[in-house]
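Geometric and topological summary
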Amino acid sequence: MSSSFPNSRRLAITGIGLVTPFGEGADIAWRAVQRGASQVRRLELSELLPFYSGTDQRCDLSSGANSPINWGTGWVGAPASFGKGEVSPNPNEQQRESSSFVEPVVEMARRAAREAVADARLQPGGNVDQERLGCVIGTSKGGLRSFERLQSKSLCDHEAANLWSTFLPEAPSRFIARDIGSQGPLLCPVAACATGLVSLIRGAALLREGVCDVVVAGSSDASLRLSVLASFRRLGVLAPASDDPTGDCRPFDHNRQGFVMGEGAGVLILERWDHAIARGAPIRAEWIDGLERGDPSGMTRLDPEATALTRLLGDLLTRSGQRANDIDAVSLHGTGTHQNDLAECRGVRHVLGQRADVIPAFGFKGGMGHLLGGAGSVELALSVLALQDQIAPPNVNLRHPDPECPLHFQGSTPTQRPMRQLLKLSLGFGGHLSAAMIRSVEESGDGC
């Protein structure tokens, strides 16, 4: 099916950059996803607590019910990795007292952006007008490690002043804009766990509105801190730690118990189609359209009937001129909580009908955890790679599909199959709902 948008409004995805628990680089992550790998592991206390040396009297870590911090059976997660499998540095005592501290939420975003810009062959000031180069990078919380350091510093301290610049949620977007010399719009969407996809939708809007020719868009999240983990455990959405953490997160499985947190960043280059063609850009996929809506059911719950989500998906198809039969795959949010999985599957089923019986549905959180604000952009990037290689990736840890989730789930191994168009969903606490559609270059008919 040809695009419903004229060439002047068609949008291309021309670059991808990723930092994930699998390592730094899109190719590394995509190969690991195809293998069905899992990076979920047991976490050391020193990775989760600021200034913890093992004998720090400021932290009561007894297992008693009345202790301020209940270490209990421990915590699991999937920390981001820099380089080829090198674990990202959690600042030790020496680093904490030096100026070498790096805020992970900023650094991951910058590294992902550098890869995406190189992948798209962008040359700001050369083949791209810097005044029409936008930057839309979101994060759900800002720099939590910077915030923890700020709590131990005087606000008059020079380092504290610098930490404020990396703590604020807009820091990744600001740093990346400076790195690439952007003089166009600079935005930082914050939409809980839907932040990544919302950032891409906002970036696409800047292009369609004629404000930009190119937008660097995505998100970053580094929330593996004890305060965040404890909050999610109290909400009852974290999977309990087991002897084998790699199997703890089981989205859409009858025996699922919740999600496991991960960290990472994903950045994509969105570009006007005619602009990409003119400069000979390597088009990876076509961005069809994206929409956002709200679910007013509650701060941490979803409508079990998926009324708002159904309306969102229906509106997205109608606005973009697509039909249910045009969708060949669904990339799900898939947290592994009972509430999310059922609502999401019901919404997709309501809109796609019988088409949902035959197209592959898959998610990525079983192997790399829930990247929170970084999830939507990382998962959309991986979905682009799935379309590009025509491979439906596996659902890690999905052994007993829940009969209440009425979709056709991809099995435990990747499958080569024709896929032209893909639907991606991202949801977030507070009622944030987002969805987008992308199309393979071959189907778009105008690849470079």
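First, a word on what this report is: a plain description of the structure on this page.

Reading guide: rules and limits
- Residues numbered from 1 in each chain as written.
- Predicted model: local features only at pLDDT ≥ 70, side-chain atom pairs only at ≥ 80, totals over all residues.
- Heavy atoms only, no water.
- Helix = DSSP H or I, 4+ residues; strand = E, 2+ residues; numbered from the N terminus.
- Buried < 20%, exposed > 50% of the residue type's maximum accessible area, 1.4 Å probe, protein only.
- Polar contact = N/O pair within 3.5 Å; in protein donor to acceptor, adjacent residues only side chain to side chain.
- Contact = heavy atoms within 4.5 Å.
- Salt bridge = Lys/Arg side-chain N within 4 Å of Asp/Glu carboxyl O.
- Pairing = 2+ DSSP bridges.
- Axes fitted to C-alpha atoms, helices over the stretch in contact; angles between N-to-C directions.
- Parallel < 35°, antiparallel > 145°, perpendicular 65-115°, else oblique.
- Left-handed = near helix turned anticlockwise from the far one by under 90°.
- Nonpolar A, V, L, I, M, F, W, Y, C, P; charged D, E, K, R; others polar.
- Core = buried A, V, L, I, M, F, W, Y, C linked by side-chain atoms within 4.5 Å.

Looking at the element boundaries, aspartate 341 is found in helix H12 (residues 338-352). Among the residues examined, aspartate 341 registers a relative accessible area of 0% and is labelled buried. In terms of polar contacts, aspartate 341 uses its side chain to reach the side chain of arginine 256, at 3.1 Å. With residues up to four places along the chain from it excluded, the contact list for aspartate 341 reads Pro251, Phe252, Arg256, Gly334, Thr335, Gly336 and Cys405.

Take the pattern of salt bridges next. Summed over all chains, the structure comprises 29 salt bridges. A salt bridge links lysine 141 to aspartate 221; the shortest N-O distance between them is 3.8 Å. You can see lysine 141 sitting in the loop between strand S7 (133-138) and helix H5 (144-150) and its partner aspartate 221 sitting in strand S9 (residues 214-221), a full 80 residues away along the chain. Relative accessible area serves as the criterion here: at 27%, lysine 141 is assigned to the partly exposed category. Given the relative accessible area of 1%, aspartate 221 is considered buried. A single salt-bridge network, built from bridges that share partners, covers Glu24, Glu107, Arg111 and Arg114.

Quick look at the pairing of strand S1 (residues 11-20) now. Extensive coverage of S1 is indicated by the burial of 10 of its 10 residues. Inspection of the sheet shows S1 paired to strand S10 (residues 264-272) by 8 bridges, in the antiparallel sense. Paired with glycine 17 across the strands is valine 267, a residue of S10. Note that S1 and strand S2 (residues 23-24) share 2 bridges and pair antiparallel. Bridging across to S2, valine 19 finds its partner in glutamate 24. Between S1 and S2, which pair antiparallel and follow one another directly, the connecting turn spans 2 residues.

Put simply, helix H11 (residues 307-320) and H12 touch, their axes get as near as 8 Å, and they point 40° apart. Classified by the interaxial angle, the pair formed by H11 and H12 is oblique. The chirality of how H11 crosses H12 is right-handed. Contacts between H11 and H12 involve Leu309, Thr310, Leu313, Gly314 and Leu317 from the former and Ala343, Glu344, Gly347, Val348, His350 and Val351 from the latter. Of the residues belonging to the contact of H11 with H12, the class tally is 6 nonpolar, 4 polar and 1 charged.

Here valine 190 is to be found in the loop between strand S8 (186-187) and helix H8 (195-208). A C-alpha to C-alpha distance of 5.8 Å links valine 190 and glycine 138, two positions 52 residues apart in sequence. For valine 190, the contacting residues outside a window of four places in its chain are Thr139, Ser140, Pro169, Thr195 and His432.

It is worth spelling out the pairing of S9 at this point. Among the 8 residues that make up S9, 8 are buried, leaving the element largely enclosed by the rest of the structure. Every second residue of S9 is oriented toward a common face, with Val214, Val216, Gly218 and Ser220 on one face and Val215, Ala217, Ser219 and Asp221 on the other, all of them buried. Judged from the 6 bridges that link them, S7 and S9 form a sheet pairing that is parallel. Residue pairing for S9: cysteine 135 is matched across the bridge by valine 216. With 8 bridges connecting them, S9 and S10 associate as antiparallel partners. Bridge pairing in S10 links valine 214 to glutamate 271.

A few words on the nonpolar core. A general trend in soluble globular proteins is that nonpolar side chains are found buried together. In this structure, Ile13, Trp287 and Leu382 are the most contacted members of the largest nonpolar core, which totals 45 residues. Broken down by element, this core gets its largest block of residues, 9 residues, from helix H14 (residues 375-389). Apart from residues lying up to four places away in sequence, isoleucine 13 is in contact with Leu268, Ile269, Leu270, Pro282, Ile283, Arg284, Ala285, Trp287, Leu380, Val384 and Ile438.

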